[in-house]
Structures are given as structure tokens and as C-alpha cells.
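Below, each chain spelled out in residue letters.
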2 protein chains.
Amino acid sequence: MRQKTRPMPSEPEQAAGNGVLDRRLFLTGGAAAAIGSAVLPDHARAAEALPVEPWMKTPGSPFAPYGQPSKYAGKVGRIFASAPGTTGTGASRTPHHLLDGMMTPNGLHFERHHSGIPDINPETHRLLIHGLVKRPLTFTLDALMRYPMESRIAFIECAGNSALLYQKEPAQLGVQPIHGLLSCAEWTGVRLATLLDDAGVDPRAQWILAEGADASGMSRSVPLAKAMGDAMVAIYQNGEPVRPSNGYPMRLLLPGYEGNANVKWLRRIKLTEAPTMTKDETSKYTMLQNDGKALQFCFAQEAKSVITRPSPGLTMAAPGLYEITGLAWSGYGKIAKVEVSADGGASWALAALQEPVLPMAVTRFRSPWRWDGGPATLLSRATDETGYVQPSRSRLIADRGARAAYHFNGIASWGVAQGGEVRHVYA
Amino acid sequence: MRQKTRPMPSEPEQAAGNGVLDRRLFLTGGAAAAIGSAVLPDHARAAEALPVEPWMKTPGSPFAPYGQPSKYAGKVGRIFASAPGTTGTGASRTPHHLLDGMMTPNGLHFERHHSGIPDINPETHRLLIHGLVKRPLTFTLDALMRYPMESRIAFIECAGNSALLYQKEPAQLGVQPIHGLLSCAEWTGVRLATLLDDAGVDPRAQWILAEGADASGMSRSVPLAKAMGDAMVAIYQNGEPVRPSNGYPMRLLLPGYEGNANVKWLRRIKLTEAPTMTKDETSKYTMLQNDGKALQFCFAQEAKSVITRPSPGLTMAAPGLYEITGLAWSGYGKIAKVEVSADGGASWALAALQEPVLPMAVTRFRSPWRWDGGPATLLSRATDETGYVQPSRSRLIADRGARAAYHFNGIASWGVAQGGEVRHVYA
């Protein structure tokens, strides 16, 4: 983002303080063209003679069964960290500051593993459904492939995403390390309800236990209502078989629920009367309150948004027109609106939402912004279709208490300094 | 798909001959569950003790910056062929028989190259806009990144896709070699209209020439109206930078137009009064008529559909309930409906369309089918929102003549034999 811009010849309509412009500038057709001359970077003004580059003088590379990114896009990768003494217990994070659109490519989907990525042979892998059912069942992958499928584009967000914002001081990091435990993909598989119906649900069953086939035996309890609702045993991710790092050959998808409950490498579903109280829902993934008690089974991710560009690491070089863009999502349905502020929340403007806007999927928002070269504090605020409004950080912490560690969905802020450096700040 | 099924305990409603069932069986919630016991494969009936597999006994693999598919999914790859004496002049094809959903992962997007994949350094790559403009402009990738972006999920289909169906006898091949020159991705970039507006379009301009930076100098003429409409200079593909095999660092996206016109590695756009008559629109990509004359500039891909499962190579092992699924698309807008037949076209039933249904994107359709173990001929027929209905193969050939080689969008047929083998047939 190191470009210079010339002064705008005409001023688009301002929609909020400190240069946030009307989102309709970004709608299709003539309106988009109308801002063209306002954004034109200086160095694009004079046409240069096009050099005949080396790659035009010789035949290029051959075909390959499975393609890879450009070697020049090497920085577009995940960062990750593992617990001491392990190589696979930890998390990797999606580089949202370098991406755009709503889909996360499979190679960049975030991961959270509790004992690495198991090397599962799909021929021998089995899914067992048992417990409070009329007839326990075992499924091979081939057997699942025989069932009717459905597809849905859904985000998955780790419950621990953005947890750094619970800290008293803003961590001097960017989108990827702070908010990178979020991704969005098209998942295709079999409704779990169909399989449970085949097994015959005992009326006493109120919960399920879902267990993964990794070495940590990752397992979680989920209310039966969710299991009989939109839960899916996902087999495909963005069209192709689910990646090993995301549950190959099959994972549980619980649209809108915290990532940990979307059990990867799914091998067992047991129907139970009550939650099983596994290690992963007692020692972790609970909401510790100020009084030392913890809330359990907080499943759905509340409405949230993050500005991905501009953001730390993407320094702005000169005043002019920019696009503020980011992602918004809610575990309770569709995003209804996203507002953007450039003056620390003193005034807000509606951002344009990129279609399609889908429930439990990320929605890309875009807002035109004329940066005057001075200090600015950029915020985004999501509202979902239930009317829930993403709270301020201070309000969230006041409600949650100082010991919370999960489900941070407060408003995040980026500070733009004179000179264009972007830093993490608390507004 | 080699599973056995038991007879269905209750018969879902038949919607067309030879076992095609009502699509509402595949809608959400209770209805999906309602067919559960009808599809249950035999070998899933009795629960087995779950073995503790080797991958549960040892920590799994570590994190990686960029993930890859399972080694067990190696067959989920593209097939390709190159012209004699070349390694990169030819095409690779998407394995739709092994995929599901609407998105094609970037590693499996089809390719058609005329001189291989250029190894382009994005720092030195330039896009020139010149010709009939008020001020010629040159853009770096960074300059483009500064413009407002938009995203759209769009199919790209090679004009030569499915051309084998022009042959007199049905090629004994499957979905991938016959129909694999089609893929669908989310593309994000800058509206071309915005850039042209910056350059200032001379009123005499009626066409553009778009040129790629590969060694073949691939170039095509496109009407200015399309360039000023929904045309995009795409920078991101499924969220990440466009792959080298699909145009890195930038490509032209012309939603709904034949693939060849979506020029990859875009380096130059020249505004002209008339088409430039490049080699790629004169010696190729024209529609040869019976009288020896050729139609030029047939850009939009007409409405079309293909059943991807069952299809050749996916043998069915026993009678029972199956899902007939496939893809439908139109270069003229949204898919309005897809009909499926299991009796060679004597009767048809509406298939369920997977949401979201988007213009110029593929739409996944699904139809429940009770195979009785006897011969069947499976067809799908798409209708788009303009009311255009995908024609029969014989009607298409009667209209086009015997010399046509592009834009085949007639109805394709799979024959299911007693015993479950699936072959390419002409219905």
C-alpha cells in the first residue's frame, strides 16, 4: 500500500467524520466508475513503454495435477506456535491482511490442534454412533458418501480468537496474530440428523458427545437440538475432500458454534442424557467469571467484525482515497449491517456489504475513506439479523469480568498515525 | 460408491419415471431425516467396536504455513495433455466426479494455456491501458491494490469444454475428460470500468484488446460494453492471490464469457474502434458453420448442466437410494431450474438447487433417485433466468451443423447398466 495519490478532483459525499465516505460509491456500475479519478495513484498517470519481460520470451511451466501459489506469494502463509515440547499442539492463523473476498483457501484455513494432525487412512477410519440410540451404527467414508449431501458456506472461529484484546494494553500485533483464528469455507457433507434418524434417537437423549480420532482424543458435548438441526458431518471443504488439518476424512460442522466444538477427525458420536464433562469443556473452553466460577457450554460466536485493511504492517504512504475493508460474522445468523468509524467511534457510516450475505458465513464489508494524512482511529461495528450489536471493548470487559479468556467479540481498533503507520490501539 | 443397501422400508414420493424421487426429500430439517432410514447402507447397520488406530497413539504432524491435501486424496487431481513438442500448451481438467459443492479449490481449477505458465515477478509486471483513451495509464500491482475492490463467485468455462459431444459416437470417458474445462471460484479485484474511467474513454472506442504476458501473447477483443460492465481485473482467487496457472498477478474476469476471453497474466488493454482480429479469435475460438464460414465473437456460455455423480468410474453396487448430483450454470444469469431424468428424457423431475444460487456461478443440484438395479439413462436439463432451456444434443447439432467445435451445451447422458456400471451414452 505504498503509493502516492494526487488530490481528489471532486469530493465524494462524506458519511462520517474524518473522511469516511458514502458506501454507495462502492456499488456497481457508474457509481464505481465515478470515484475512479478520485483514487488514481500518481505513478499510474503516465503510460510507460511495456518492457518485454523474460517470461514472455520462453515457454512457461507445464501442467500439474495439483496447483500451488506463486513463489512470490510466499508471505501469504499462516503463522503458528506450538506448546513447549510439542510440534502440533497449538494454532496456526489465517493471514487476513493479505486476503480479500469471503472464502479462505484450504491451505490457509486456521487450525487449532491438541495433538497434531493425525495421518488417517480413510479405508480404515470409522464413525460410530451409539449411546442412547435404538441401533448403534458404524459408518465407513464410502457409506457416508452414499447419503444425500448438502453444502453451506460457513465460518469457523476458535473460541480463543482475539483473546489478546482482554489484555490491559493493546498487543502490538496485526490482524493475523490477533484475529487469525477465523476462516470461512464451503462445507459439504451429510446432515447429522439424517444419521441420527437412522440410528433412532432414544427420547432420553438430550446431548451428544463428539470425539475426534487424534491422539488427544479431543471431545465435546453438544446439545441434541443442535445435532438434530443444522449440524453436518462434513466430507468436502471448498469442493475437495476436507484437508487433514481440518479433519480428513470427516469433521463435525456446527454452524456458528465455537471452533473447538466442530470436532475434527470425527470417529464417535454418543447420545447421552447430559453433557459428558470432557477435559476440553471443563479445563478449557469455559468462561471464567470474576467470582471464580466458570460458565460452560457457551457455544455460539456472537456478532463481530474486524478491519483487515488498513491494518498493522500495511503502512499508508500518502493522503488520498483508501478502501477500508474487513470481515463481519455472527453465529446467530446473517450480518445485517456493518458501520465504520475513522474518528474513534465519534461518528459512524454504513459500509457496503459484499453479496452474498449468508447466515453463519463471513461477510466482506467495504467503505471508502479519504485519509487526510492526519491521525485516525479506525473501528468497525457489526449488527446481526437478531439486532445484536457488537459491543465496545470496554463494555464487553465490564460485562464479562477481568478473567475471561474466550469469545472476545468487542470492537477492535486500528490507529493510523501521521505518516501512515497503522498500530493496534484501544479506542 | 460400492455399498449395498437394504430395501427401503417406505417409498418416498416418485417425481419422474425410473425412480426419480421428489426433490423436497433433500430440503432441510425433518424432511432430510425422513429419508434417512431409506438410504441406510447394510454394512452400517451393526455397530462395530472401534479400533484404536495407530494415529491415535502418537502425536500427529506439526503446523505448516501452507496446507496440502491428504496423501490418500492423491487421485483427486487434474488430468492434462499438451500439444506435441510442448509441455504447457494444452489443458488440465477439474475432477468434478470427486468433488462436491460449488467452489473449485485453486489447486484443481482447470487451466488452458497456449504457451505454459509464465513465472511473473509481480514487482516488475505492469498493466498498460492505452489506445483510444484520453490519457494512457500504467498500473503496478500495488497501484491496483489501492482501488476499491469487489468480489464475485463466478464460473469460468473453456469454449472447448464438452466438445467431445460433437462426435458421432459417445466417447467412453467420464466427467473429468469430457466436462472438466469448467471451474468456479470467488474472484476479487478492481472493476475494469473504474480503470477505464481513470484513463478516460474516447467516444470512438467500441472494443478493447486484452493481452496476456505469457509467451504466446494470448490476446482477445472484447466489446467495450462488457469492459464497462461487470468486467474485473481479478487479483484474488478464493481469497488468496490468483494462482500463476490462473493469471498471477492479475487476470481479466468476464463473468459468463468463454474462458479464453478471460485473459490471464493481463498486461495490456487497448481501446479500439473495432476488434483487433488476433490469432486467438480468428484461427481459433470461432464457430465453423456447415457452409465453411465461421461465426466470431460468440462470448457468453449458454445454460448447461452436467451430472457429476453417478458418472463413469463411479460404479453402483446395489439397488437402493442414490443422490443424483451435478452442476448447472449459465453465462446469462442465474439458474432458474434443473430437471433430472432417469429414463432417457421420457419424464423429468425438478432437482433441488443448493443455495446460494448466483448469476454466472455454478449451481449444485441434487435429486434423490431409487435405482431398482435395472438399466437407466440419466440426464439433466438446465433452464436459466432468461427462460433459455438447455437443448438436446441432437437439437444443438442440428442447429449448429456438423463442423462446430466450441460452446457445446447440449444435454449430456450417462447410461447405468444392469450391474451398476456407468457409461457415456447418447440418449
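Just so we're clear, the structure is a prediction, and the values are computed from it rather than from any experiment. The numbers attached to residues start from 1 for each chain and follow its sequence in the written order. Chain letters start at A and ligand numbers start at 1, both assigned in the order the entries are written. pLDDT decides what is reported in this predicted model: residues at 70 or higher carry local features, side-chain atom pairs at 80 or more are listed and counted, and totals for whole chains, interfaces and linings draw on all residues regardless.

Now for the relation of the copies chain B and chain A. Our superposition of the copies is a least-squares fit, built on the C-alpha atoms of residues whose pLDDT is at least 70 in both. Note on the identical chains: chain B maps onto chain A by a rotation of 180 degrees and an axial translation of 0.0 Å, with an RMSD of 0.0 Å. In the structure described here, the two chain copies are related by an operation that fits a two-fold rotation axis.

Think of it this way: any DSSP run of H or I at least four residues long counts as a helix, any run of E at least two long counts as a strand, and we number them from the N terminus. Here tryptophan 265 of chain A is to be found in the loop between β14 (251–253) and β15 (266–272). Along the chain, tryptophan 265 of chain A and leucine 396 of chain A lie 131 residues apart, while their C-alpha atoms are 34 Å from each other.

To continue, consider the interface of chain B and chain A. Between chain B and chain A, the residue contacts involve 113 residues of the former and 114 residues of the latter. With four residues, the single largest contributor to the side of chain B that touches chain A is helix α5 (residues 192–199) of chain B. Residues are grouped as follows: Ala, Val, Leu, Ile, Met, Phe, Trp, Tyr, Cys and Pro are nonpolar; Asp, Glu, Lys and Arg are charged; all remaining types, including Gly, are polar. Class assignment of the residues belonging to the side of chain B that touches chain A gives a composition of 51 nonpolar, 36 polar and 26 charged. Distance between backbone-placed C-beta atoms decides contact: two residues are in contact if it is within 7 Å.

Residues and elements named next belong to chain A. Following DSSP output, two strands are said to pair if at least two bridges run between them. As summarised here, the arrangement of the five strands in space is β21-β20-β24-β25-β26, forming an open sheet in which the pairing is antiparallel. Here the strands that pair on one side only, and so sit at the sheet edges, are β21 (349–350) and β26 (422–425). Pairing between strand β25 (residues 413–416) and β26: four bridges, direction antiparallel. Residue serine 413 lies in a different strand from β26, and its bridge partner there is valine 425.

Below, the discussion takes up the environment of asparagine 262 of chain B. Inspection of the secondary structure puts asparagine 262 of chain B in the loop between β14 (251–253) and β15 (266–272). Sequence-wise, asparagine 262 of chain B and proline 170 of chain B are 92 residues apart; in three dimensions their C-alpha atoms are separated by 30 Å.

Soluble, globular proteins show a tendency: their nonpolar side chains are buried together. Membership of the largest hydrophobic core comes to 229 residues, with the highest contact counts inside it found for Val233 and Ala361 of chain A together with Val233 and Ala361 of chain B. Apart from residues no more than four positions distant in its own chain, alanine 361 of chain B is found in contact with Met102, Ile153, Ala154, Phe155, Cys184 and Trp329 of chain B. Note on definitions: a nonpolar core is a set of buried residues drawn from Ala, Val, Leu, Ile, Met, Phe, Trp, Tyr and Cys, linked by C-beta atoms within 7 Å. Three exposure classes are used, based on other C-beta atoms lying within 10 Å of a residue's own C-beta, which is placed from the backbone: buried for 20 or more, exposed for 12 or fewer, and partly exposed in between.

We now examine the pairing of strand β10 (residues 207–212) of chain A. Residues and elements named next belong to chain A. Among the six residues of β10, six are classified as buried, and the element is accordingly described as predominantly covered. Burial along β10 is two-sided: Trp207, Leu209 and Glu211 and Ile208, Ala210 and Gly212, pointing in opposite directions, are all buried. Sheet analysis places β10 next to strand β11 (residues 219–223), joined by five bridges and oriented antiparallel. Within the sheet, the bridge partner assigned to isoleucine 208 lies in β11 and is valine 222. Where β10 folds back onto β11 in an antiparallel hairpin, the turn is made up of six residues, including glycine 217, whose phi is positive at roughly 55 degrees. As paired elements, β10 and β15 share six bridges and run antiparallel to each other. If you follow isoleucine 208 over to β15, its bridge partner there is leucine 271.

In this section: the sheet that holds strand β5 (residues 111–113) of chain A. Hydrogen bonds along the backbone pair up the strands of a sheet, which may run parallel or antiparallel. Residues and elements named next belong to chain A. Taking strand neighbours across the sheet as the criterion, the three strands line up as β3-β4-β5 in an open arrangement whose pairing is antiparallel. What marks the edges here is a single partner per strand, and that holds for β3 (79–82) and β5. Strand-to-strand twist in this sheet, taken as the mean axis angle between neighbours without regard to direction, amounts to 5 degrees. In terms of strand pairing, strand β4 (residues 90–93) meets β5 through three bridges, oriented antiparallel. Counterpart to glycine 90 in the pairing with β5 is histidine 113. Lines fitted to the C-alpha atoms define the axes, with helices restricted to the stretch that makes contact. Angles between their N-to-C directions range from 0 to 180 degrees.

With that settled, consider the confidence of the model for chain A. All names here are of chain A. With 92% of its residues at a pLDDT of 70 or more, chain A has an overall mean of 92. The predictor's confidence in any single residue is recorded as pLDDT, a number from 0 to 100. Note on residues 1–10: pLDDT under 50 across the span, and 37 contacts to partners over four residues away in sequence or across chains. Confidence over residues 27–36 falls short of pLDDT 50; this stretch has 20 contacts with residues more than four positions distant or in other chains. This complex was scored by the predictor with a pTM of 0.94 and an ipTM of 0.94.

The next thing to look at is the domain arrangement of chain A. All names here are of chain A. Domain boundaries shown here were taken from an automatic or database domain assignment. With domains assigned, chain A is organised as domain 1 (127–276) and domain 2 (304–425). Just the C-alpha atoms count here: the centres of domain 1 and domain 2 sit 28 Å apart. Mapped onto the side of domain 1 that touches domain 2, the elements with two or more residues apiece are β8 (150–157) and α4 (175–179). Here the residues of the side of domain 1 that touches domain 2 are counted per class, giving 15 nonpolar, six polar and no charged.

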